[in-house]
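Architecture at a glance
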Amino acid sequence: MTQAASPSDNNHRHEQKKEHNQSFDDKIFYTNVDSCQHFVKLVWKSPPKNVLMVKKREDKTITTHLDEIGLWLNQTYDVNIYVEPLVKETELSRFNTFSTEELPLSYQKFDFIICLGGDGTLLHVNSLFKDRVPPVMAFYCGTLGFLTPFKTTNFKEEIERTLGGESYVTLRSRLLCSISRSDATPAINPSLIHPFAEAFGYDEQDVLSSRGEFFALNELVVDRGPSPFVTHLLVFCNGRKITTVRADGVIISTPTGSTAYSLSAGGSMVHPLVPSISFSPICPHSLSFRPVLFPDSSVLEIMVPPEARTPAWASVDGRWRKMISPGQKITIRMSRYPLPCVTATADITEWYQSLADRLQWNASL
């Protein structure tokens, strides 16, 4: 027996897509490729003027690629090229930059983003913006490259196709995570740690800014941190308690993140177009605790109960790390602002080919 989706689920997805499209009305709009809305075509209302280029740190070869692509874009399309402050200071002074006071960045400042690196660089791009993000075109210059479909060897042809309105976009879901006390008092930010702040040229206080919310492209992880004891957590869905967790931790991931840490913990691989939230335990103290999928309209809460003997630790995409004291909770919901990633084709099976090429899925030993 099948059950139709509830009106609230359908409304949530409709409003999510509607609000995202409206946010780009002054720059671009997306048109559906088919009735199933599997892929959307990227159409520019006016030519991009400000392009942000983000590179993998401490890699001179990628710096050379960025310089070449940036100069070509500037000369061919008369666009303003921006790089991160540390890149301008130590590697490429010819390009523009932004100030650390502007973090998190506003999508209004940039029309297009070019990412040079691996999957970690794309995660870094996600962390630079608070909510809306301009379209991102990711070139493979890293190790795995699961999320970076383009090669720098033919960058001119690929960028020309994208700026000419001939490319497609995958709207990758992101999790909106907010940390608060049990009485809804915002958590204190100074205990938040960004391990790569110095490497990217940002002062810790600049990185922290006044953020009380974080956007995860891959996953939110709540674990035991340095404690030798298992983590004690309470899990709620839409206000109702569904289980108690005693484990090393839990992973709440997007479909994009299902092939990252969640996969290593035994979670299922989920196609990026499947509207869902993955929930995977890390070394649970129970043989029957298995990963589950929640509808993307779910609102999850992970709480450290007041009687817990130790705090838990939370991290977003492996970048920020925050101690969650007994009595505090994290609220997780699907963000209204997905990450628009330019894709090489509008073929739904491209993801399965990436599994075979990058992860050696079901390859014979």
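What counts as what
Throughout, a residue's number is its position along its own chain's written sequence, starting from 1. With the structure being a predicted model, the display of local features is reserved for residues of pLDDT at least 70 and the display and counting of side-chain atom pairs for 80 or more, all residues being used for whole-chain, interface and lining totals. Think of the side-chain values as coming from all heavy atoms in the structure, minus any hydrogens and water. Think of it in three bands: with a 1.4 Å probe and only protein chains considered, a residue is buried below 20% of the maximum accessible area for its type, exposed above 50%, and partly exposed in between. For the purposes of this entry, the term helix denotes a DSSP run of H or I that reaches at least four residues, the term strand denotes a run of E that reaches at least two, and both are numbered from the N terminus. Any two strands with at least two DSSP bridges between them are considered paired. When we speak of the arc, we mean the arc of directions from the helix axis to the C-beta atoms. Contacts were defined at the residue level, with two residues in contact if any of their heavy atoms lie within 4.5 Å. The set of buried Ala, Val, Leu, Ile, Met, Phe, Trp, Tyr and Cys residues whose side-chain atoms join them within 4.5 Å is what this entry labels a nonpolar core. Call a crossover right-handed when, viewed with both strands pointing away from you, the route from the first strand across the helix to the second goes clockwise.

What follows covers the pairing of strand β16 (residues 299-303). Most of β16 is tucked away, with four of its five residues classed as buried. The pairing of strand β12 (residues 231-237) with β16 spans four bridges and is classified as antiparallel. Of the residues in β16, the one forming a bridge with Cys-237 is Leu-300. Relative to strand β19 (residues 328-334), β16 is paired through five bridges, and the arrangement is antiparallel. Bridge pairing links Glu-301 to Thr-331 in β19.

The set of residues buried in helix α8 (residues 350-358) consists of Trp-351, Ser-354 and Leu-355. Along the axis of α8, the buried positions cluster into a sector of 105°, meaning they face one direction only. Of the residues flanking the end of α8, it is Gln-360, one or two places downstream, whose phi is positive at about 55°.

A few words now on helix α5 (residues 155-163). Within the span of α5, buried status applies to Phe-155, Glu-158, Ile-159, Thr-162 and Leu-163. End-on view of α5: buried residues confined to an arc of 125°, all on one side of the axis. Buried residues along α5 sit against β2 (40-44), α2 (60-77), β6 (112-117), β7 (136-140) and β20 (339-343). Just beyond α5, the residue with positive phi is Gly-165, at close to 75°.

It is worth spelling out the nonpolar core at this point. Side chains of nonpolar character tend, in soluble globular proteins, to be buried together. Ranked by size, the top nonpolar core spans 30 residues in total, and within it Leu-220, Val-222, Ile-252, Phe-279, Ile-330 and Ile-332 carry the most contacts. It is strand β13 (residues 240-253) that contributes the most residues to this core, four residues altogether. In terms of nonpolar packing, the next biggest core, distinct from the first, is built from 29 residues, Leu-66, Ile-69, Ile-114 and Phe-139 among them.

Moving on, we come to the pairing of β6. Most of β6 sits inside the fold, with six of its six residues counted as buried. Both faces of β6 are covered, namely the face carrying Phe-112, Ile-114 and Leu-116 and the face carrying Ile-113, Cys-115 and Gly-117. One ladder, built from five bridges, connects strand β3 (residues 50-55) with β6; its direction is parallel. Counterpart to Leu-52 in the pairing with β6 is Ile-113. By the bridge criterion, five bridges tie β6 to β7 in an arrangement that is parallel. Counterpart to Ile-114 in the pairing with β7 is Met-137. Running through helix α4 (residues 119-128), the crossover from β6 to the neighbouring parallel element β7 is right-handed.

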